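Examining the three-dimensional arrangement
What follows is each chain in one-letter form.
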Amino acid sequence: MSESSVTSIEQPPLLLVIEDSNEDFEAFQRYVRRSPLTIPIYHCVDGDDALAFLDRTGRYSDPQSAPRPGLILLDLNLPGTDGREVLRKIKQDEILKVIPVVVFTTSNNPKDIEACYRQGVNSYIVKPMDFNRLKHSIQILIDYWFDTTILPTSVIDQRP
Amino acid sequence: MIQTVDWGGNPNKPVEVTDDGETRLSPRKSFEKWQETVQGCSLPWRACEIEIVTELRSLIVGVILKQADDLAEINLELERSNTELDSFAYVASHDLKEPLRGIHNYSNFLMEDYAELLDADGVAKLNTVVRLTQRMEDLINSLLHYSRLGRAELSRQLTNLNEVARQAIDTLRISQPQSSIEFRLPRPLPTIHCDRTQISELFTNLLTNAIKYNDKAEKWVEIGFTQSGKGDPEDPLLYTFYVRDNGIGIPPHHLERVFQIFKRLHTQDQFGGGTGAGLTIVQKIVERHGGKIWVESTIGEGSTFYFTLAARQS
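Since the structure is predicted, the reported quantities are computational estimates derived from the model, not experimental observations.

Looking at the overall build of chain A
Summing up its helical and strand segments, chain A has five helices and five strands in all. In chain A, the succession of helices and strands from N to C terminus is β-α-β-α-β-α-β-α-β-α. With 160 residues in all, chain A has 48% of them scored as buried. Total accessible area on chain A is roughly 8,400 Å²; 50% of this is exposed by carbon and sulfur atoms.

Here we look at the sheet that holds strand E8 (residues 219-228) of chain B
All names here are of chain B. Taking strand neighbours across the sheet as the criterion, the five strands line up as E6-E8-E9-E11-E10 in an open arrangement whose pairing is mixed. In this open sheet, the two edge strands, each paired with only one partner strand, are strand E6 (181-184) and strand E10 (293-298). The mean angle between the axes of side-by-side strands here comes to 15°, regardless of whether they run parallel or antiparallel. Relative to E8, E6 is paired through four bridges, and the arrangement is parallel. The residue of E8 that forms the bridge with Ile181 is Lys219. Along the sheet face, helix H3 (residues 161-175) touches E6, E8 and strand E9 (238-245) and points at about 180° away from the line of E6.

Things to note about the interface of chain B and chain A
Residue-level contacts link 17 residues of chain B with 25 residues of chain A. Where chain B abuts chain A, roughly 1,900 Å² becomes buried across the two surfaces, and 48% of that area is made up of carbon and sulfur atoms. Counting across the chain B and chain A interface gives five salt bridges. Residue Glu112(B) is joined to Lys135(A) by a salt bridge in which the shortest nitrogen-to-oxygen separation is 3.8 Å. Connecting chain B to chain A are seven residue pairs in polar contact (both at pLDDT 80 or more). For the side of chain B that touches chain A, the secondary structure elements donating two or more residues are helix H1 (47-113) and helix H2 (120-151) of chain B. Ranked by the residues each element gives to the side of chain B that touches chain A, the list is headed by H1(B), at 13 residues.

A word on the packing of aromatic side chains
The full count for this structure, using the stated rule, is 18 aromatic pairs over all chains. Here Tyr42(A) and Tyr60(A) contribute two aromatic rings whose centre-to-centre distance is 6.0 Å and whose plane-to-plane angle is 85°, an arrangement assigned as edge-to-face. Of the two residues, Tyr42(A) sits in strand E2 (residues 41-44) while Tyr60(A) sits in the loop between helix H2 (47-55) and strand E3 (69-74), which places them 18 residues apart along the sequence. Accessibility expressed as a relative area gives 25% for Tyr42(A), which makes it partly exposed. Note on Trp294(B) and Tyr306(B): the rings are 5.4 Å apart at their centroids and 15° apart in plane angle, and the pair reads as stacked. Placement of Trp294(B) in strand E10 and of Tyr306(B) in strand E11 (residues 302-310) is noted, with a sequence separation of twelve residues between them.

Let's talk about the packing of helix H1 (residues 22-32) of chain A against helix H5 (residues 131-148) of chain A
All names here are of chain A. Where H1 contacts H5, the two axes come as close as 9 Å, and the packing angle between them is 60°. What the angle tells us is that H1 and H5 run oblique. In the crossing of H1 with H5, the sense of the turn from one axis to the other is right-handed. Contact residues: H1 offers Ala27, Phe28, Tyr31 and Val32, while H5 offers Phe131, Leu134, Lys135, Ile138 and Ile142. Tallied by class, residues from the contact of H1 with H5 come to eight nonpolar, no polar and one charged.

Thoughts on the nonpolar core
Counting residues in hydrophobic clusters, the biggest one holds 41 residues, and the most contacted among them are Leu189(B), Leu202(B), Phe203(B), Leu207(B), Ile223(B) and Phe307(B). Looking at this core element by element, the count peaks at seven residues for helix H4 (residues 196-212) of chain B. Non-local contacts of Leu189(B), meaning those with residues more than four positions away in its chain, are made with Asn160(B), Leu161(B), Asn162(B), Ala165(B), Phe203(B), Ile223(B), Gly224(B), Phe225(B) and Phe241(B). Counting 25 residues, the second-largest nonpolar core is a separate cluster that includes Leu14(A), Ala52(A), Tyr60(A) and Val86(A).

Parameters at a glance
Residues numbered from 1 in each chain as written. Chains lettered and ligands numbered in written order. Predicted model: local features only at pLDDT ≥ 70, side-chain atom pairs only at ≥ 80, totals over all residues. Heavy atoms only, no water. Helix = DSSP H or I, 4+ residues; strand = E, 2+ residues; numbered from the N terminus. Buried < 20%, exposed > 50% of the residue type's maximum accessible area, 1.4 Å probe, protein only. Areas by Shrake-Rupley, 256 points an atom, 1.4 Å probe, with all protein chains shown as cover. Pairing = 2+ DSSP bridges. Axes fitted to C-alpha atoms, helices over the stretch in contact; angles between N-to-C directions. Contact = heavy atoms within 4.5 Å. Buried area = accessible area lost by both parts, 1.4 Å probe. Salt bridge = Lys/Arg side-chain N within 4 Å of Asp/Glu carboxyl O. Polar contact = N/O pair within 3.5 Å; in protein donor to acceptor, adjacent residues only side chain to side chain. Phe/Tyr/Trp six-rings, centres within 6.5 Å; stacked < 30°, edge-to-face > 60°. Parallel < 35°, antiparallel > 145°, perpendicular 65-115°, else oblique. Left-handed = near helix turned anticlockwise from the far one by under 90°. Nonpolar A, V, L, I, M, F, W, Y, C, P; charged D, E, K, R; others polar. Core = buried A, V, L, I, M, F, W, Y, C linked by side-chain atoms within 4.5 Å.

Any functional reading would require information that these geometric values do not contain.
Encoded structure:
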């Protein structure tokens, strides 16, 4: 018996992680690697680089070097162009706005949370300090977005 | 203004109506001036007087406008410095937390990845590092919370303090199912005009302390109040609340110190630890509501925390 379904067994889409702290990225990767899913990750350390990657400009002019991510994980506090500005630009761009953005940040400031949701962020997670909770949050994040939901890249043409 | 007005005749003398329905005027027979004393009416304004008053009016309006401007500018400055303080506190806490998180995570990674190489002592030491990072995070969070509390706008609403106290009590009971604690309310607490969230936190902190710093088998906490003032604008209604416990008490030379931020009277191993910010926060909340807080205590017998809150905020 087969159900008509949009997804077939295919490689999970690219996860773009925009995070300036190498230690935080290390911790994130550590837990993502434990998932049975093999999720390709691209890591940008600042807002400008992330926007160039998404817009395919500068050193990313060749679309092969910058495939469309299926999900964007965004830290708010980035050097140079701030994460909030990056979110704004993504959600105001006709092509980029369909990509779900999950803010993964230390800020629990209600103003930040509200501003992000108003901007259209898909989900807001406060980075837990506790080691076990961090592991749990990342597991849930991966399970939810890559194993439960259908990401837009599955259905939207990957043409540039 | 009393003035005498000359009329030809009484202007108020009505037209007479005779019995057969005819109307009849009765002109005066004398030519004497009929004088009316007009009292309580003002003289008409002279042109020069009008000019002077108009000028005075524009001067007054000018002064008011300037004061309004100054006030607006002060408010803007305040908002700016509040925003700056907010960003400072936020940035400071965020920037401090990042390396802290790194230390916390990497200590855990060490324990996970090098488990075979570490003996019990090694693991214990790393666990100490982890515990210290958690403590530091609590301190940073308390500092940030205290800082925001001092600057947030109060959202005043009619708050039934009885409900607030009950909620705080219920929450505490859930977190301490084993302990035997008696909460006494001699009479229902009043309803006052205040920021509900902050006052909730105030009660929670005071009640938590009352139970925490208590070594008796049967703990009790009493919440009550006295009233002063008649309730009119000159003599507003003021409540003096108290939270009394049968806990360990506070030595007289430490009574002031308990309100200092991060200042505890005990080590982290004693009485469940803590950041030492609880009473500092309570004091800040009381002050923001225009009240005062103080404590009386007897070592070994218990403490009573008193705080004043107005029924209505002006």
